[in-house]
Amino acid sequence: MDKVRVKSMMPPGHVRAPAYLRGRTGVIERALGEFANPELLAYGHFNGPKKPLYRVRFTMAEIWGDAAEHPDDTIDAEIYGHWLDPVPDTP
Amino acid sequence: MPHDHHDHDHDHDDFHHHGMSPSGHPYRADNDEPLSYWQVMEIAVRELLIEKGHVTPAEIAAQIEAMDARSPANGAAVVARAWTDPAFKQRLLADASAASAEMGFDIGGLRLIAVENTGDVHNVIVCTLCSCYPRNLLGLPPDWYKTRAYRSRTVREPRKVLAEFGLDLPDTTQVRVHDSTADMRYIVLPARPAGTEGMSEEDLAALVTRDSMIGTGLPKTP
């Protein structure tokens, strides 16, 4: 499965990549197709370029570290492609 | 029982003296406060749409009625079908929007994903950013679903939250939290309870609770 990291930037605006997942690494659970970008829609730009959307799966250990309630439980969230960087598999 | 107030004197004349209804609760105040900015905006837009002939008041009333008529019974019917019809279950897990539309519960422009509970996996739905909810199948969300407490705690300590709902999961069960952050909506397909072999689809649907489709509960057992 493809490993990705959510960009850790904190720009202003109507961003739907939750702050608690920024900078975290997960795997793509499935690709969902292309959707209108909420960062443009929120400001009335209805014809902007569409963005690919993915369901990304994170482990609780990755998100909360030692404070995780149960490290192997997971969180799946929908993240737009322009918020994801590929993470190469380290051999 | 909340309506038993044996320590109150329910003498008829007292209701008015104490400002209480006959059931022993305070009367709801009249909504005499000024309209909010958004209420004024809604009325203005609605009246303009009617004035310009785009919609009629009857169409607006019918739409509100249709929205209010949606209830967890829709979702329960979908779950019961999936429990009894393996081909439908496959279609539901592959494309829940299309499968629920098949049963007359169209989700409109959004996309629905069904996530299946098994012996090893328990799914629970949250929307940390707002209150996204599969209204076509479950109706309006419960108030707790929209609270900051549910939204923030379900991603941080889901097992503790589920325990507060009365659902204690063993360590061997993996909890999968689904945060509806964008264009998808989610419904949990709970596991069919044991001892329901041979039950009709309709009787099975009566076992499916709203919370079992959010993931904060399990279906009832017969």
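Source: prediction; values computed, not measured. (Residues numbered from 1 in each chain as written. Chains lettered and ligands numbered in written order. Predicted model: local features only at pLDDT ≥ 70, side-chain atom pairs only at ≥ 80, totals over all residues. Heavy atoms only, no water.)

A look at helix H2 (residues 37–51) of chain B
Test applied: Where helices and strands are cited, they refer to DSSP runs of H or I of at least four residues and of E of at least two residues respectively, numbered from the N terminus. What a helix is expected to span follows from its residue count: subtract one and scale by 1.5 Å.
With 15 residues, H2 of chain B extends 21 Å from end C-alpha to end C-alpha; this agrees with the ideal 21 Å at 1.5 Å per step. Of the residues flanking the end of H2 of chain B, it is glycine 53 of chain B, one or two places downstream, whose phi is positive at about 80°.

Comments concerning the state of the cysteines
We count it as follows: Disulfides are defined as cysteine sulfur pairs within 2.5 Å.
This structure, assessed with the given rule, holds 0 disulfides over all chains. No disulfide involves cysteine 127 of chain B; its nearest neighbouring cysteine sulfur is the one of cysteine 130 of chain B, lying 3.5 Å away.

Looking at the domain arrangement of chain B
To keep it simple, the criterion reads: An automatic or database domain assignment supplies the start and end points of every domain.
Domain annotation for chain B reports domain 1 (13–68) and domain 2 (71–214). Between domain 1 of chain B and domain 2 of chain B, the C-alpha centre-to-centre distance is 32 Å.

Overview of the pattern of salt bridges
Applied cut-off: We count a salt bridge whenever a side-chain nitrogen from Lys or Arg sits within 4 Å of a carboxyl oxygen from Asp or Glu. Categorising residues by exposure relies on relative accessible area from a 1.4 Å probe, with only protein chains included: less than 20% of the type maximum marks a residue as buried, more than 50% marks it as exposed, and the intermediate range marks it as partly exposed.
This structure, assessed with the given rule, holds 16 salt bridges over all chains. A salt bridge links glutamate 157 of chain B to arginine 153 of chain B; the shortest N-O distance between them is 2.6 Å. Among the ionic pairs, arginine 210 of chain B bridges to aspartate 211 of chain B, the shortest N-O distance being 3.1 Å. Here arginine 210 of chain B falls in the partly exposed class, since its relative accessible area comes to 29%. Residue classification places aspartate 211 of chain B among the buried residues on the basis of a relative accessible area of 17%. Put simply, Glu29, Arg30, Arg55, Arg57 and Asp76 of chain A are held in one network by salt bridges that share partners.

So, the environment of alanine 182 of chain B
The cut-off we apply is this: Note on definitions: a residue-residue contact is assigned when non-hydrogen atoms from the two residues lie within 4.5 Å.
When you line up the elements, alanine 182 of chain B lands in the loop between strand E3 (174–179) and strand E4 (184–189). By relative accessible area, which is 9% here, alanine 182 of chain B ends up buried. Setting aside its immediate chain neighbours within four residues, alanine 182 of chain B contacts Arg16, Leu53, Glu78 and Tyr80 of chain A.

Quick look at a nonpolar patch on the surface
Note the threshold: Think of a patch as exposed residues, more than 30% relative accessible area, with no salt bridge, where like charges cluster within 9 Å and nonpolar side chains (Val, Leu, Ile, Met, Phe, Trp, Tyr) cluster within 5 Å. Methods summary: accessible areas were calculated by the Shrake-Rupley approach with a probe of 1.4 Å, and residue burial reflects only the protein chains presented.
On the surface, a cluster of nonpolar side chains totalling about 560 Å² of accessible area is made up of Tyr37, Trp38, Met41, Val45 and Leu49 of chain B. For tyrosine 37 of chain B, the position within the fold is in helix H2.

A word on the environment of arginine 91 of chain B
Residue and element names in this part refer to chain B. Note on placement: arginine 91 falls in helix H5 (residues 86–94). Classification of arginine 91 as partly exposed rests on a relative accessible area of 38%. In contact with arginine 91, not counting residues within four places along its chain, are Ala96, Ala99 and Glu102.

A few points about the interface of chain A and chain B
The following threshold applies: By buried area we mean the combined loss of accessible area, with a 1.4 Å probe, across both parts when two parts are placed together.
Taken together, the 22 residues of chain A in the interface contact 26 residues of chain B. At the boundary of chain A with chain B, total buried surface from both sides reaches about 2200 Å², with 46% on carbon and sulfur atoms. Considering only the surface of chain A that becomes buried against chain B, Arg16, Glu69 and Glu78 of chain A emerge as the three largest contributors, covering 28% of it. In this structure, the connection of chain A to chain B is made through 1 salt bridge. For the salt bridge of aspartate 73 of chain A with arginine 159 of chain B, the shortest nitrogen-to-oxygen distance reads 2.7 Å.

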